[in-house]
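# Observations on the three-dimensional arrangement
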Amino acid sequence: MSRLIYYVASSLDGFIADEHDSLDWLLSQEQAPGGGNDYESFIANIGAIAMGSTTYEWVLANGGWGYEMPAWVLTTRELAVPPVAEGAAAADVHFAHGQVTEVYEAMREAARGKDLWVVGGGDLAGQFADAGLLDEVHLSIAPVTLAGGRPLLPRRLDLELIEHSTNGAFLTARHRVRRQGN
Ligand SMILES: NC(=O)c1ccc[n+]([C@@H]2O[C@H](COP(=O)([O-])OP(=O)(O)OC[C@H]3O[C@@H](n4cnc5c(N)ncnc54)[C@H](OP(=O)(O)O)[C@@H]3O)[C@@H](O)[C@H]2O)c1
């Protein structure tokens, strides 16, 4: 059964990007392969991803599209698919808008039993949580405060800590989203 996971890194004061959508404060932190919330282990079991348009545009502007699994980008605008590098396969990107329930169903079908990743931002993870679809939050906390920016998860949720560790400079934790009755 696919889990829908919000796997994300934040500042100590709960922001995933600064007010200029910069991630310099994050990408400059030391990481330890094999540590808590290890990216390679995580991505190996991801069958589909979802992200908002700000994140999509950030990815395209900062190194380009590198995801091999199907992706859903939430937007109300007409956005272009990622450019294809010579000899590479076309990116499997779908644009969607409105309720995330249909996006979730399409992701689940495409993932064939693998997990689903909400890349960000925080409100999109919140939209999945509002629909009762968010299963876990895997958080890596960088030792920096930003005092403002894009919020981690602007919803009121009840979570259960299921694992905690470190990864280089990061404090890492995995949480299960508690729903009514569980
Ligand atoms: N620290 C990390 O690990 C991490 C992870 C992911 C992202 N980030 C960064 O965090 C920032 C996130 O930006 P953000 O908070 O603005 O969030 P975002 O989710 O990336 O983008 C928000 C935009 O997506 C579109 N959208 C969202 N939900 C929609 C829906 N249901 N239907 C239609 N359109 C929808 C809207 O834009 P339009 O309709 O105008 O297109 C909305 O303004 C970015 O800078 C990103 O690079 C950091």
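Residues numbered from 1 in each chain as written. Predicted model: local features only at pLDDT ≥ 70, side-chain atom pairs only at ≥ 80, totals over all residues. Heavy atoms only, no water.

## Re the UniProt feature "domain: Bacterial bifunctional deaminase-reductase C-terminal" (unreviewed entry) in the protein
Condition: UniProt positions are given in the numbering used here, feature names are shortened, and annotations may be inferred rather than shown by experiment. To qualify as a helix, a DSSP run of H or I must reach at least 4 residues; to qualify as a strand, a run of E must reach at least 2; elements of each kind are numbered from the N terminus.
Sequence positions flagged by UniProt for "domain: Bacterial bifunctional deaminase-reductase C-terminal" (unreviewed entry) are, in local numbering, residues 4-155. Summarising residues 4-155: 26% helix, 27% strand, and an end-to-end C-alpha distance of 17 Å.

## Digging into the pairing of strand E3 (residues 46-52)
To keep it simple, the criterion reads: Exposure categories follow from relative accessible area, calculated using a 1.4 Å probe and restricted to protein chains: below 20% of the type maximum is buried, above 50% is exposed, and the middle band is partly exposed. The rule for pairing is simple: two strands pair if DSSP sees at least two bridges between them. Here the term right-handed applies to a crossover when the path leading from its first strand over the helix to its second strand runs clockwise, the strands being oriented away from the viewer.
Of all 7 residues in E3, 7 are buried, a share of seventy percent or more. Note that E3 and strand E6 (residues 115-120) share 5 bridges and pair parallel. From the neighbouring strand, Met51 faces E6, where its bridge partner is Gly120. In terms of strand pairing, E3 meets strand E4 (residues 71-74) through 4 bridges, oriented parallel. By the bridge assignment, Ala50 is partnered in E4 with Trp72. Assessed by its sense of winding, the connection that carries the chain from E3 through helix H3 (residues 53-61) to E4 is right-handed.

## Side note on the packing of aromatic side chains
To keep things clear, this is the line we draw: The pairing test for Phe, Tyr and Trp rings, Trp by its six-membered ring, is centres within 6.5 Å, and the orientation test on the planes gives stacked under 30 degrees, edge-to-face over 60, and tilted for anything in between.
Taken as a whole and assessed by the stated rule, the structure comprises 9 aromatic pairs. Relative to Tyr39, the ring of Tyr7 has its centre 6.2 Å away and its plane inclined at 55 degrees; by these criteria the two rings are tilted. With Tyr7 in strand E1 (residues 4-11) and Tyr39 in helix H2 (residues 39-44), this pair connects stretches of sequence that are 32 residues apart. On the basis of relative accessibility, which here comes to 12%, the residue Tyr7 falls in the buried class. Residue classification places Tyr39 among the partly exposed positions, given a relative accessible area of 32%. When the centroid spacing of 5.0 Å and the interplanar angle of 75 degrees are considered together, the rings of Trp65 and Tyr67 count as edge-to-face. Assessed through its relative accessible area of 16%, Trp65 is described here as buried. Among the aromatic residues, those joined into a cluster by ring pairs are Tyr7, Tyr39, Phe42, Tyr56, Trp65, Tyr67, Phe95 and Trp117.

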